[in-house]
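# Structural features, examined
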Amino acid sequence: MNSNEYHQQNHLPEDDEIDLAELWHAIWSGKLLIIAISGLFAISSIIYAINQPNIYKATTLLAPASEQGGASGLSKMAGQFGGLASLAGINLGGGGTDKTGLALEVLKSRVFIEKFINKHQLLVPLMAAKNWNAKTNTLIFNDDMYNATTKTWLREVEAPKQPEPSSWEAYKAFKDILVVATDKETGMITLTIEHYSPEIATQWLLWLVSDINAAMREQDKTEAQRSIDYLSTKLQETQLADMQTVFYQLIEQQTKTIMLAEVSLEYVLKTIDPANAPEEKAKPKRALIVVLGTMLGGILSVLIVLVRYFSNKGNNKDGINHSNIANQVAEPIPDSTTSAQFSAEVTSK
């Protein structure tokens, strides 16, 4: 019989259930390590939370501006006189468009945001700022990225990127701080911008609402003028009195569209609650960071203590078992002759 067979025959199965008393004993025996690791994580969390800059969130509430003729005039007139126009081989189109939905999609588009950044020169405060000085109301820039004195970009990047951020990088950065939310029940639109400076976030929102209204206004004016030019050409080509009446009314409607666009500053989106500089930060949640960091340290330290405890326990058991087996194997087994002599000696004594 070798040692492995002997061990298998004499080894008793261990209980696989968790002994809560032993588990508590393991945790209590490593309490100093748990306290040390948890304290280290708590201190690190506090330092990390304190060093995080405040982020402020500016918000504005908008509503779809009511359509008073406007750009939908051509569609309405097309529905009324579409039959007559088709007699002359003219397709005036039909069906209206959701100007509010279109404006929001334009607002989130890359082309509009890139133009917005270039128009208001937002690249430096958008990409190079790292904090805000509330006392002086000035931005604090990342010295490794931008030199505010010489107004030069210093960031180190790999080709094909340049030290100065590209329009694509600026677009992605702006998209990260811009939130557009629409209430499906009321149709109200909420625009939100986050930034280190509450004043800058507020100003950007005001510019954003103004620019999207201006962009949609110019687009409708251009389309209305093209419609007028087209209808004027067709008016000269036809001799039918009924068709001339249709064209005159369509031209009148498009002229109203241009006039409405000229006088309406809030052409598509009407401000219900204008943006105002927030006085309270939106993030970071420093207390939450500290609590989560401390909890993470506590969980990690308990796991370390338990793993060490049960690893040492398993190693000690294996050492004892192997030692007993070795002693039993090494002990000589008495033969029959030796046993008889031993019995005779005991009897004579």
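Rules used throughout
Residues numbered from 1 in each chain as written. Predicted model: local features only at pLDDT ≥ 70, side-chain atom pairs only at ≥ 80, totals over all residues. Heavy atoms only, no water. Pairing = 2+ DSSP bridges. Helix = DSSP H or I, 4+ residues; strand = E, 2+ residues; numbered from the N terminus. Axes fitted to C-alpha atoms, helices over the stretch in contact; angles between N-to-C directions. Core = buried A, V, L, I, M, F, W, Y, C linked by side-chain atoms within 4.5 Å. Buried < 20%, exposed > 50% of the residue type's maximum accessible area, 1.4 Å probe, protein only. Contact = heavy atoms within 4.5 Å. Salt bridge = Lys/Arg side-chain N within 4 Å of Asp/Glu carboxyl O. Expected span 1.5 Å × (residues − 1). Arc of directions from axis to C-beta. Phe/Tyr/Trp six-rings, centres within 6.5 Å; stacked < 30°, edge-to-face > 60°. Patch = residues over 30% accessible without salt bridge, like charges linked within 9 Å, V, L, I, M, F, W, Y side chains within 5 Å. Areas by Shrake-Rupley, 256 points an atom, 1.4 Å probe, with all protein chains shown as cover. pLDDT = per-residue confidence, 0-100. Parallel < 35°, antiparallel > 145°, perpendicular 65-115°, else oblique. Left-handed = near helix turned anticlockwise from the far one by under 90°. Nonpolar A, V, L, I, M, F, W, Y, C, P; charged D, E, K, R; others polar.

### A few points about the sheet that holds strand β8 (residues 269-273)
- The strand order β6-β7-β1-β8 describes an open sheet built from 4 strands, whose pairing is antiparallel. Two strands bound the open sheet, and with one partner strand each, they are β6 (178-182) and β8. The sheet shows a mean angle of 30° between the axes of neighbouring strands, taken without regard to direction.
- One ladder, built from 4 bridges, connects strand β1 (residues 56-64) with β8; its direction is antiparallel.

### Quick notes on the nonpolar core
- Judged by nonpolar contacts, the single largest core of 43 residues is most densely connected at Leu126, Phe174, Leu191, Ile193 and Leu208.
- The element contributing the most residues to this core is helix α9 (residues 198-237), with 7 residues.
- Those residues within four positions of Ile193 in sequence are excluded, and the remaining contacts are Tyr56, Lys57, Ala58, Phe174, Ile177, Leu178, Ala201, Trp204, Leu205 and Leu208.
- Counting residues in hydrophobic clusters, the runner-up holds 10 residues, among them Ala224, Ile228, Leu231 and Val246.

### Quick notes on the pattern of salt bridges
- All told, the structure shown has 12 salt bridges when counted by the stated rule.
- Between Lys234 and Glu237 there is a salt bridge whose closest N-O contact spans 3.5 Å. Here Lys234 pairs with Glu237, and both are found in helix α9, just 3 residues apart, close to one helical turn.
- On the accessibility criterion, Glu237 (53% relative accessible area) is exposed.
- Across the salt bridge formed by Lys256 and Glu252, the nearest N and O atoms sit 3.9 Å from each other. One end of the pair, Lys256, and the other, Glu252, are both in helix α10 (residues 241-263), 4 residues apart, so they sit about a helical turn from each other.
- Accessibility expressed as a relative area gives 45% for Lys256, which makes it partly exposed.
- Judged by relative accessible area, which is 43%, Glu252 ranks as partly exposed.
- Look at the salt bridges and you will find they share partners, linking Lys57, Glu194 and Lys283 into a network.

### With respect to the pairing of strand β2 (residues 129-133)
- Bridging between β2 and strand β3 (residues 138-141) involves 4 bridges; their strand directions are antiparallel. Looking across to β3, one finds that Trp132 is bridged to Leu139.
- Where β2 folds back on β3, the antiparallel hairpin that results is connected by 4 residues, among which Asn137 adopts a positive phi of roughly 55°.

### Some words on helix α3 (residues 31-51)
- Between its first and last C-alpha atoms α3 spans 30 Å; for 21 residues at 1.5 Å apiece the expected length is 30 Å, and the two agree.
- Buried within α3 are the following residues: Ile34, Ile37, Ser38, Ala42, Ser45 and Ala49. One side of α3 carries all its buried residues, which in axial view fall inside an arc of 135°. Residues of α3 that are exposed and angled more than 90 degrees away from the buried face: Leu32, Leu40, Ile43, Ile50 and Asn51.

### Section: the packing of aromatic side chains
- Throughout the structure, instances matching the rule amount to 9 aromatic pairs.
- Residues Phe174 and Trp204 carry aromatic rings whose centres are separated by 6.1 Å and whose planes lie at 40° to one another, so their mutual orientation is tilted. Placement of Phe174 in helix α8 (residues 167-177) and of Trp204 in helix α9 is noted, with a sequence separation of 30 residues between them.
- A relative accessible area of 0% means that Phe174 is categorised as buried.

### Details of a nonpolar patch on the surface
- On the surface, Leu288, Val291, Leu292 and Met295 cluster together into a nonpolar patch covering about 380 Å² of accessible area.
- Residue class for Leu292 comes out partly exposed when judged on its relative accessible area of 48%.

### Comments concerning the confidence of the model for the protein
- Averaged over all residues, the pLDDT of the protein equals 81, while 76% of them reach at least 70.
- When mean pLDDT is taken per element in the protein, helix α6 (residues 110-120) scores highest with 96 and helix α12 (residues 336-348) scores lowest with 48.
- Contacts from residues 11-16, a stretch scored under 50 in pLDDT, to residues over four places away or in other chains number 2 contacts.

### Points about the packing of α6 against α9
- Where α6 meets α9, the closest approach of the two axes is 11 Å, and the angle between their N-to-C directions is 120°. When the axis of α6 is compared with that of α9, the two are oblique. In the crossing of α6 with α9, the sense of the turn from one axis to the other is right-handed. Contacts between α6 and α9 pair Phe112, Phe116, Lys119 and His120 from the former with Trp204, Trp207, Leu208, Asp211, Ile212 and Ala215 from the latter.
- Per-class residue counts for the contact of α6 with α9 are 7 nonpolar, 1 polar and 2 charged.

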